Amino acid sequence: MSELNLNWLWLVIFQLLCIPAARAERSQQLQFWVVGNGIEDSIMYRELARKFQEQSGYAVNITPLSWGNFNQKYLTSMAAALPPDVGVANLGSPMEWGSLGGVVALDQAFPKEIDELKQRFFPGTLPQFTFNGHLYGLPTELVTAVLYYRKDVFERLKLTPPQTWSELQNTIETLEIHRYHFHYGWTRGEQWALYYQTLPFGYAGVSQGADGQPGLDWLQPGYQKGVAHGLNLWHLHDAIGDGSTDRTIGRFLSDVPDQSLGMMVDGNWVASSIQKIAPEAEARWGVVPWPKADDGRAINVMGGTSYVIFQKSRNKDAAFAWLKFLNSLEAQQFMILERVQREGQAAAFNISPVKEVWDASQAAFWARPEFRDQRKIIDALRGILDTFQSFPSLKGKPDTDQMEARILDRMGTAINRRLTAEAEAREMTRWDYIKWMASAQGRPQRDSMQAWIRDQLATEYARHYPLALERLREESARYQNSYGDIVARLDTFEGRTHILDYLKWGALGALLLGTLLVFTMPGLRAFRTSYAFIAVPCLLSLVFVVVPMLTSLYLSFTEYHSILPLASAKWIGWQHYLTSLDLSDSENVLRSIGKTMTYVSVTVPLGIALALLFAALLNNDLISQRFWRFLYFSPLITSAVSVSLIFTQLYRESSMGWLNAALLRLGWISNPILFLKDEQTFLSCVMALAIWHGLAFTILLFLAGLQQIPTQLYKAAEIDGAGWWQKFWHVSLPGIRPQLFFALIMGLIGSFQVFEQIYMLGGGSGYAGSKFGPNDAGRTMVPLIYDLGFEQFKMGRASAVAYILFLVILGLTMLQLRVLRQKTAE
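Residues numbered from 1 in each chain as written. Predicted model: local features only at pLDDT ≥ 70, side-chain atom pairs only at ≥ 80, totals over all residues. Heavy atoms only, no water.

## Describing the nonpolar core
Alright, step 1. If you look at the biggest cluster of nonpolar residues, it comprises 167 residues, and the most contacted ones within it are F32, Y45, Y148, W322, F349 and W358.
Alright, step 2. Dropping the residues within four chain positions of it, Y45 is found in contact with F32, V34, I62, V88, T140, Y307, W322, L326 and M335.
Alright, step 3. If you look at the next biggest cluster of nonpolar residues, it comprises 40 residues, including A611, L706, L748 and V801. (Core = buried A, V, L, I, M, F, W, Y, C linked by side-chain atoms within 4.5 Å. Buried < 20%, exposed > 50% of the residue type's maximum accessible area, 1.4 Å probe, protein only. Contact = heavy atoms within 4.5 Å.)

Pasting the structure below:
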C-alpha cells in the first residue's frame, strides 16, 4: 500500500474516533432557543450563558427565533424528536405542549427544587402553566397594559387620573368634549386578553364544574358586563392613533385640536419609547395602572414569555439549573438593566415575575442612574404586580376562544357601522358624532348605543353558546380518548414501526427494483445512460413529494398530534372527511370552499380580462414603450409579502391610510372606510391586491402569444375591412388560445391556493394565533388548512381538508382540459 493511501486511511480512522468525542461534547452543551425582540435578546442571553458556564461548567448555545413563526419551529423540532433542551415560548405554549408530553412536568421531574423555586414568583403568574395539576413552565418576563395620560391637559381641565371604570368613562367624555381623543392600543379587540375585563367579576370564560365537566361563562351577566365594557372602550371612541408606535406617540404628545390623544391604553414598553422619542416632554405625561372595576377586583392583563424544558432533553438536570440561574436575583437584575440601556426602539422595561426583584431590600438597585428615565413606569408597575391573575386552561378552550373571537369581530363591525350610519344621518363625521355623544345633549344617545351593544352581545352569546359548549366538551373528551392514554405511556411508542418506516422501505424497494430492471432487461439496459440522468430528479420526487403525500393521506384517516410519536396515530377512518363536510361545524370545509369560489370567480376572469387588455395595448407601437412595459411588469419581481405590506398602508382604516386620505381629500367620503376591519370589504381588498400582483405574469404570457401571431393575418383582415375589435376577436384571441387556457388553469390553481395575501392583510400571526380578517372573512381553503394544522395542531383534520382541496382542484383542472380538447378538435 502506498504512503498516500496509508495517510488517507489514518485520517478516516482519526475522524471516526473523533465522532463519539464530538457527540459527548455536544451532550454537555445545552441548546437554548430564544423567542425575543431581535438580536439584542440573543446577545443578552449569551452573556448570561457565559456567567452560567463559569458557575456550572455547562455551555449554553443560543439560537434566536422570531415571534412570527416560533410555534411552527418548536412544533417541527418536537415532531422530528430534535427539540432544544430549554426554550422561550409564549404564555400559552407550556400547557399545550405539556398536555401532550412535549415538555417536562417540572413538579414531577424536580419535586424538591420546584417547590422552593415556585415561592419566588408572584403566585398569580403560575396557574396558566398547569394542566391536570402539573406545572410545565415558568414565567420569564411579563408585560401589561397601563394608562398613559397628558399631565398638562389634565391639569388644564382639572382632571385626575382615573382609578375606576366609571372614572375612566367620565374622563374620556371630558377629553372628547375638549377635542382630545382616547386611544386603545395593545390588546384592543383581542379575545385572549378579554379576561381582564371579566375576571374582576369572577369569570374567566371557561371553568370546571363540580361534576368535572367543562363549562362556559358566556351567559353569566357579570361576564357579559365585562365584555360589553371592553367593546365600548374599543369601538365607541375614534381609534385615530392606529398605526405605528412612533405615530401614536406623536399624536399623544401633540396639541393639534381633534388630532392629539389626551389619554391612551397601551403596553408598559411604550413608556421607554416615549422617553426615547421625546425626552424633552418628560414633564408633560404620566402613567398609572389600569383602573379597577367599580364593583369588582383589580385585575391586570398579563402577556409575556415563559421557559420550558423539553421532554427529549438529554441534560434535564443541567437544563433545570439553567432555569434556576435565569430566575436568580443576579440574572433578573442583569436582564432588566441590559434592556433599559439599549439604544432606540430596542430599549424596553419588561416586568420581572420574581418577587425578590421588587422587594424593599432592593431599593439600592432601583436607585441606580440607569432607571432615572423609568421612574414613572416603575412606580406604576409596583401597583400592578399583585393584581396579575391567571388560571389553568382546559382542553377545548382554544376552539371556544376562536368562536368568541369571531363574535367580537362581528360586534366590532356592527358597532362601527351603526356609529357611522348615525353620524351620517346627522350629517356629521364619526369624530364629531363621538364628541356630541360625550356632551350632555348627546349622552342619551350614547346610553342608547351602549344598551344596544349589551342586547346584541347577549343575543350573539345566546345563539352560539350551545355549539360552543358542545365543542368545548367534545374537544375535552377527544383529548382523553385520543391522547390521554398515549401521553401516560409515551415510552411504549418510542421506536415502534410506523407508516413512514413502511413508506421508506417501500421507496427503497422501488428504487432497487427499478435499478435491477434497468440492468437485467435488454430493452431497458440500452438506455441506462438516459435512466441515470433522470434518476436524481426521480429520487428527489420520491423522497420529497411521493412519501410526504402518502404519509399525509394516511394521517387524514387518523387522529394525530405532531408532538406525539407517529406510531401513536389512531385510525378513525373517514371521520375527518365527514366532519369537514358537516354544516354545523365551525371549521366546515364547504364554507371555506364558498369563500374560495367567490375569490376565484372574481380574481381569475377579471385578472385575465385586464391582462388581455393591457397586453393588446402593449403590443402596439407606443411612445415610451419600454417604460410602459417596465411599469406593468414590475409587480412580477416583487414578493407577495412586500406587496401586502404596501397595501396594508393603502387600506389603513384611519385618515392616515393612503386610500382613505385621498378619498377624504377629494370629498367623496366623510368618514374613513374600514377596509380591513369590515368582513364585507376585507375579501374584496385581498382580491384587488391579488389581481394587481398577478397581472404582470399574465400580461407577459399574453404578450408573448400575441407577438407570435403572423402579421399577414392582421393585414388580410384589414383588406377584408375588419376594424380593431374584429381583428382582436377573430385573429388575436384564436391565436393565443393555448395561452388563455394555460392562464385559466394556472390562475384557478393559484387562486384556490391563496394564502400570503390573506395572512398579511388579516394581521399575520398574533398573540393568540393567526387571524384571516375580521370574523375570519378571508379563511379560504389554504388558511383553513394552516389554521387546523399549525395553529390547532389537528394534523389528521388538516390532511383531510388538504386532500379535499386537491380533489376539487383536480376535478376543475380535468374539466378545463376536457373543454380545451373539445375546442381544439373543433
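## Points about the environment of E54
Alright, step 1. Along the chain, the position of E54 falls in helix 2 (residues 39-56).
Alright, step 2. For E54, a relative accessible area of 59% puts it in the exposed group.
Alright, step 3. At 2.6 Å, the side chain of E54 and the side chain of R50 are in polar contact. (Helix = DSSP H or I, 4+ residues; strand = E, 2+ residues; numbered from the N terminus. Polar contact = N/O pair within 3.5 Å; in protein donor to acceptor, adjacent residues only side chain to side chain.)

## Some words on the pattern of salt bridges
Side-chain pairing between opposite charges can occur once the charged atoms of the two side chains come close.
Alright, step 1. Applying the stated criterion across every chain yields a total of 38 salt bridges.
Alright, step 2. One salt bridge in this structure joins R489 and D485, with 3.4 Å as the shortest N-O distance.
Alright, step 3. E718 is paired through a salt bridge with K727; the nearest N and O atoms lie 3.0 Å apart.
Alright, step 4. Judged by relative accessible area, K727 falls into the buried class, the value being 16%. (Salt bridge = Lys/Arg side-chain N within 4 Å of Asp/Glu carboxyl O.)

## What to know about the packing of aromatic side chains
Alright, step 1. Per the stated rule, a full pass over the model turns up 52 aromatic pairs.
Alright, step 2. Both rings, one in Y651 and one in F675, keep their centres 5.7 Å apart while their planes meet at 45°; by these two values the pair is tilted. Placement of the pair is Y651 in the loop between helix 26 (640-650) and helix 27 (658-666) and F675 in the loop between helix 27 and helix 28 (679-706), with a sequence separation of 24 residues.
Alright, step 3. Y651 gets classed as buried once you look at its relative accessible area, which sits at 5%. (Phe/Tyr/Trp six-rings, centres within 6.5 Å; stacked < 30°, edge-to-face > 60°.)

## Details of the sheet that holds strand 7 (residues 145-150)
In any sheet, the strands associate via hydrogen bonds between backbone groups, in a parallel or an antiparallel arrangement.
Alright, step 1. A sheet is described by the order of its strands in space; here four strands give the open sequence 8-11-7-12, paired in mixed fashion. The sheet is open, and its two edges are formed by strand 8 (181-184) and strand 12 (285-289), each paired on a single side. On average, adjacent strands in this sheet sit at an angle of 20° to one another, irrespective of strand direction.
Alright, step 2. Across five bridges, strand 7 lies against strand 12 in antiparallel orientation. Along strand 12, the bridge assignment pairs L147 with V288.
Alright, step 3. Its contacts with the sheet place helix 11 (residues 245-253) against strand 7, strand 8, strand 11 (261-267) and strand 12, and it is angled at close to 145° to strand 11. (Pairing = 2+ DSSP bridges. Axes fitted to C-alpha atoms, helices over the stretch in contact; angles between N-to-C directions.)

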